[in-house]
Amino acid sequence: MEITYDLSAINDVAKQLIESATHKIILFYGDLGAGKTTLIKSLVEQLGSNDTVSSPTFSILNEYLGKNDESILHFDLYRLKTEEEAYDLGIEEYLQRDCWKFIEWPERINIFDQYDVHSAKIISLNENSRCLYFI
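Cut-offs used in this document
Residues numbered from 1 in each chain as written. Predicted model: local features only at pLDDT ≥ 70, side-chain atom pairs only at ≥ 80, totals over all residues. Heavy atoms only, no water. Axes fitted to C-alpha atoms, helices over the stretch in contact; angles between N-to-C directions. Helix = DSSP H or I, 4+ residues; strand = E, 2+ residues; numbered from the N terminus. Parallel < 35°, antiparallel > 145°, perpendicular 65-115°, else oblique. Left-handed = near helix turned anticlockwise from the far one by under 90°. Contact = heavy atoms within 4.5 Å. Nonpolar A, V, L, I, M, F, W, Y, C, P; charged D, E, K, R; others polar. Polar contact = N/O pair within 3.5 Å; in protein donor to acceptor, adjacent residues only side chain to side chain. Phe/Tyr/Trp six-rings, centres within 6.5 Å; stacked < 30°, edge-to-face > 60°. Buried < 20%, exposed > 50% of the residue type's maximum accessible area, 1.4 Å probe, protein only. Pairing = 2+ DSSP bridges.

Caption draft 1: Quick peek at the packing of helix 1 (residues 10–20) against helix 2 (residues 36–46). Packing of helix 1 against helix 2 leaves a shortest axis separation of 9 Å and a crossing angle of 65 degrees. Classified by the angle between their axes, helix 1 and helix 2 sit roughly perpendicular to one another. Helix-helix and strand crossings are classified by hand; for helix 1 and helix 2 the assignment is right-handed. Residues I10, N11, V13, A14, K15, L17 and I18 of helix 1 pack against T38, L39, S42, L43, E45 and Q46 of helix 2. Here the residues of the contact of helix 1 with helix 2 are counted per class, giving seven nonpolar, four polar and two charged.

Right, here's the structure in full:
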């Protein structure tokens, strides 16, 4: 699926992704500033969370509570220096949990081929417009 959108419509895009998803792991690709975290914030909100969503750049993982106290996991793997750091974090156990998992910079580790995942690539067209490729 390809969606070109203005940032003012990001909540509609998030709803569409949730409705289209057949897997609960979404890998987010895109350059710095492309809008990965912005879209994830909207996804977390659409899943019923009232938590403040921020990029887990330094903590690697943030966990939010959605409706019915369901966990939503948000990973930012940008700062990983080695794949071993992800395993030390317990990423395999997190990936096996039955909850939504949104992962920025998944190309930093080589583990996702053994899971059912969606890929979301975001390309910044200009200051307010993005193109999203979702498979």
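Caption draft 2: Quick peek at the side chain of S49. Mapped onto the elements of the fold, S49 is located in the loop between helix 2 and strand 3 (61–65). Only 3.0 Å separates the side chain of S49 from the backbone oxygen of L65, close enough to count as a polar contact. Setting aside residues no more than four positions away along its own chain, S49 makes contact with V44, Y64, L65, G66 and I72.

Caption draft 3: Up close: the packing of aromatic side chains. Counting across every chain of the model gives four aromatic pairs. When the centroid spacing of 5.9 Å and the interplanar angle of 75 degrees are considered together, the rings of F75 and Y94 count as edge-to-face. Pair noted here: F75 is in strand 4 (residues 71–76) and Y94 is in helix 4 (residues 91–96), with a separation of 19 residues, a long-range link. Under the relative-accessibility criterion, F75 is labelled buried at 0%. Three or more aromatic residues link up through ring pairs in this structure, and these residues are F28, W100 and F102.

Caption draft 4: Representation of the side chain of S42 within the structure. Topologically, S42 is positioned in helix 2. Residue S42 is classed as buried on the basis of its relative accessible area of 4%. Once residues within four sequence positions are removed from consideration, S42 is found in contact with I10, N11 and A14.

Caption draft 5: Looking closely at the pairing of strand 5 (residues 100–104). Within strand 5, five of the five residues are buried, which leaves the element mostly enclosed by the surrounding structure. Burial along strand 5 is two-sided: W100, F102 and E104 and K101 and I103, pointing in opposite directions, are all buried. Examined bridge by bridge, strand 2 (residues 25–29) and strand 5 share four bridges and lie parallel to one another. Paired with I25 across the strands is K101, a residue of strand 5. As paired elements, strand 4 and strand 5 share five bridges and run parallel to each other.

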